[in-house]
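# Observations on chain architecture
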Amino acid sequence: MNFYTKAVLLTLIILASQIFAGLTTNNLVYIHPKPDAKFVSPQTQLIFKVPVEKSNLLSKNTFRITVTGEKSGNNEGKIIISGNTLIFKPFNNFVPDEVVSVTVNNMHYTFTTNSVQPFDNRIYNLVSDERKYEQEIIKTAAQPELTGKPQIINGVAVPSDFPVFTPAINLPGQAPGKIFLNNWGGAPYIMILNPDGSPYAFKKVEERARDFKVQPNGMLTRRIISNLYAFVGMDSSLTITDTFKCANGYGTDEHELFMTENGHYFLIALGYRNVDMSKLIAGGKTNVEIVDNHVQEFDENKNLVFEWLSSDNFNIVDAVHENLYGTYIDYVHMNSVATDYDGNIITSSRHLSEVTKIDRQTGEMIWRFGGENNQFMLVNDDYGISYQHCIRAVPGVPGNYTIFDNGNYHSPSFSRAVEFKLDTANMTATKVWEYRHTPERYTFWMGNTKRLPNGNTFLNYSDQTLPKYVEVTPEGNVVYEGDFNDSYHCYRSFKFEWDYLDPFPSLMVESHPDKVTLLCNKFGDSNVSKWLVYAAKSGQGYTIIDTATENIINLTDLSNGSLYYFRIIAVDENGNQSPLSNTVSAVVNFIGPGENIITNGTFSNGTNNWEFSTYNNGSATSYVNGNGEYEISITNGGSNVWDVQLLQKGLQLIKGYTYRLEYDARAAHNRAVTIKLERSSDPWDDYSEIGQTLVKTYTQHFSYEFTMNYDTDYDARLSINAGGFAHDLYLDNFSVVLVATDVNEELEVIPSDYSLSQNYPNPFNPETTIEFSIPRREHTVLRMYNIKGELVKTLIDNTLNAGRYNYKLNGNYLASGVYFYQLFSGNRSITRKMILLK
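Below or above, wherever it landed, is the structure these notes cover.

### Describing the nonpolar core
In terms of nonpolar packing, the biggest core is built from 53 residues, with M277 and F369 touching the most fellow members. Considering every element that reaches this core, the biggest residue donor is strand 20 (residues 265-275), with 6 residues. Sequence-distant contacts of M277, defined by excluding residues within four places in its chain, comprise G284, K285, T286, V288, I290, I316, V317, L324 and I329.

Pasting the structure below:
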């Protein structure tokens, strides 16, 4: 070793000794996981905090860290510094159910990993308020009025399925701002509303949203469950720009994302473990799935800088109103997380009836209010809190907190917004304000409340039967109360001051049987004088097709069956043009009464346009047999009706319109089959509501009429559920046609396209009716063929005016069998199949 090398080495030793002298493991204020911790995620990171005043001494060379698992061996990792926090991220996960040894400088400790890995997504359905009461939402949420149409509300174009919100009380004295909320029931939207209930901005989203709000740093956020299970950030045009998920292998709980002004954010993490409850309570089961809630804090770069585990701090048996004798226990059910006036963390744990304050630097519990571990004496209140939601610090009043107290186990049950002052010197909790409606209002789930800048308080009762936004003065006077016109739930609502002029227009499209409707908005801008409409069939080469002054534009001169892409430009009063809007697309599907929306319903093109699947233990094959029927040969019908399933997707059903579903069916033995038109995704709404059909060993024709009482669905599906029985099924002649009724006044008398309907009745003996439509005066031929393709009879051969026609066929002279009838008109040829049974 030369002199230079020795000098450098000596310098490094001196520097290291100086660092360790000023900053040693004795200075650590927080270690995660805690020494001797159990049930730690195998994907955990190690986190160490030093006093804030020593942050400047923290570097990657501050601590020598060795991490060794008894099964995984030595674990190397990446070191990250964030403020006063050092993070050790192992390159590989630990092994489930192993003891991990950690040496930090001169300190040694161990922790034990959980036995489960990775996180199981089914936990979301077990703990979710929304998923628990899914069927209740579906069954009790009122369906929209049948007359829903696109409309203009205070200068804003809203679609036919928009959830209209109306104030019942709207008085002076309100805090400035706009209402932020979403609907559970009907088509899902996030919306920003003016106090009169008119929309300021809105967006149709992929599913029922949660917690749509403005964060303290100005970002808009909301929760997404399907496929993502995360929170998302949005810009002012409601476009998703970021994603926020829990770390360390935990699921991201649905209840809340809370951000601070400096970009740090907090999430509630979902974890689970298996516990022998017989060791905790007499009669408990030996292998119980316990769901934990943890608090995670991330810095502005999404580094996990703090984690607080409920398994280290809460006792399962303190969830006194939960079933502790079952195989699954959600004992915490944390439903809010925020920061207090001093920057520490406050949380609400519903199933413990407790709100908790946690030291953000040390992880220690500062106080616990409510539940079995309550540390405070109640003053001026006889109830305390029960199954509460949403604790928030009152701005400018240290020690005061607002809580939405659901009151599930008050006697009698009632819900309220309540403010407590927690005196930690005398350990008293004094009720200083509350709002209880007269007569009492009670919502057993969800809801929130918060103090507004002018001293008013808002609260949301959340349940479909109660108002979704109420604003109350300090004296208890209601100055605002509003709700959806239809009975919808709303997890949380908020009020924020929000004024934003969107530079981009917002475009929505609806495809109707007789037109394509464009809904044009430029949120926050009242100076639009006209709209320039651009369209393209390929998504490229846009050309202007219309100029309009109204926000709602109906297009009828489009090619039927074509896919169009649309964009718009807003032009102001001075002729200034906005940037192009978002792109929307629609398939032009002009359908007149009597026209079949099922493709290849006779199976004349084999199995094209149909999807056949088996699930679980269902086993079957399918094909088009020699009689032209779709045959399902079943080996094992499975245990559910959907275990053997035939589908046709992409069907358009318009709210308020009446349809007729028809088909032929027989079976090898008498059996039931469930055939329905339904939503193609969760919650699988059954539009046709037929129930099960008894199918016999001979061909029967089935016909059902129903009114589409749900929101318009442009991607519905016909579902034939043949599971549950091991008897072969034979299907044919499917049709779904629009029936002309009084509700369809907007339909043109002149058909928009050629159509040939399924004959009815079918099978027939001896008479049947064939309906067809032509959109213009054309030479028209209607012919009938036998199963060999031989011409049996020419039924019509003449020039006809545009209109709808029916031909009554008498089959007295024909033999029983399968026949085809074909319409030739203009450049169109349409063929359908019919059966004569004598």
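### Description of the sheet that holds strand 39 (residues 516-521)
Pairing in this open sheet of 3 strands is antiparallel, and the strands run 38-39-42 from one edge to the other. Lying at the two open borders of the sheet, with one neighbouring strand each, are strand 38 (506-511) and strand 42 (552-555). When strand polarity is set aside, the average angle formed by the axes of neighbouring strands in this sheet is 20°. Bridge count between strand 38 and strand 39: 6 bridges; the pairing is antiparallel. Bridge pairing in strand 39 links S511 to V516.

### Points about the packing of aromatic side chains
Using the criterion set out here, one finds 41 aromatic pairs in the structure. Between F369 and F420, the aromatic rings sit 5.1 Å apart at their centres with planes inclined by 70°, giving edge-to-face as the arrangement. Taken together, the positions of F369 in strand 27 (residues 365-369) and F420 in strand 31 (residues 416-423) put the pair 51 residues apart, joining distant regions of the chain. Under the relative-accessibility criterion, F369 is labelled buried at 3%. Take F420: its relative accessible area is 1%, and that puts it in the buried class. By way of ring pairs, the aromatic residues F180, F212, F458, Y469, Y480, F494, F496, W498 and Y500 are connected into one cluster. Residue placement shows K178 over the ring face of Y200; its charged tip is 4.5 Å from the ring centre.

### Looking at the sheet that holds strand 56 (residues 767-774)
Reading across the sheet, the 3 strands line up as 55-56-59 and stay open at both edges, with antiparallel pairing between neighbours. Pairing within the sheet leaves two strands with one partner each, and these edge strands are strand 55 (755-756) and strand 59 (803-810).

### Details of the pattern of salt bridges
If you walk through the whole model with that rule in mind, you get 34 salt bridges. The partner of E440 in a salt bridge is R436, and the shortest N-O contact between them spans 2.2 Å. In this structure R436 comes out as partly exposed when scored by relative accessible area, which is 26%. Across the pair K833 and D732 runs a salt bridge, and its minimum N-O distance is 2.5 Å. Of the two residues, K833 is situated in strand 61 (residues 828-836) and D732 in strand 54 (residues 729-739); the sequence distance between them amounts to 101 residues. The buried category is assigned to K833, whose relative accessible area is 2%. Counted as one network, the salt bridges with shared partners bring together D211, K213, E256, R392 and R492.

### Some details on the pairing of strand 16 (residues 220-224)
Within strand 16, 5 of the 5 residues are buried, leaving the element largely enclosed by the surrounding structure. Across 3 bridges, strand 15 (residues 210-214) lies against strand 16 in antiparallel orientation. Residue pairing for strand 16: K213 is matched across the bridge by T221. Between the antiparallel neighbours strand 15 and strand 16 lie 5 residues, among them G218 with a positive phi of about 95°. Note that strand 16 and strand 17 (residues 230-234) share 5 bridges and pair antiparallel. Bridge pairing links R223 to F231 in strand 17.

### Some words on the side chain of R660
Along the chain, the position of R660 falls in strand 49 (residues 658-667). Taking relative accessible area as the criterion, R660 reaches 15% and is therefore assigned buried. What R660 contacts, discounting residues up to four positions off in sequence, is S703, Y704, E705, S735, V736, V737, V739 and Y760.

### Focus: unusual backbone geometry
The residue after T438, namely P439, is reached through a cis peptide bond having omega 0°. Mapped onto the elements of the fold, P439 is located in the loop between strand 32 (428-435) and strand 33 (448-451). Within the chain, D211 stands out as a residue other than glycine whose phi angle is a positive 55°. Here D211 shows up in strand 15. For F603, which is not glycine, the phi dihedral falls at a positive 60°. Tracing the sequence through the fold places F603 in the loop between strand 44 (584-587) and strand 45 (611-614).

About the thresholds
Residues numbered from 1 in each chain as written. Predicted model: local features only at pLDDT ≥ 70, side-chain atom pairs only at ≥ 80, totals over all residues. Heavy atoms only, no water. Core = buried A, V, L, I, M, F, W, Y, C linked by side-chain atoms within 4.5 Å. Buried < 20%, exposed > 50% of the residue type's maximum accessible area, 1.4 Å probe, protein only. Helix = DSSP H or I, 4+ residues; strand = E, 2+ residues; numbered from the N terminus. Contact = heavy atoms within 4.5 Å. Pairing = 2+ DSSP bridges. Axes fitted to C-alpha atoms, helices over the stretch in contact; angles between N-to-C directions. Phe/Tyr/Trp six-rings, centres within 6.5 Å; stacked < 30°, edge-to-face > 60°. Lys NZ or Arg CZ within 6 Å of the ring centre and 35° of its normal. Salt bridge = Lys/Arg side-chain N within 4 Å of Asp/Glu carboxyl O.

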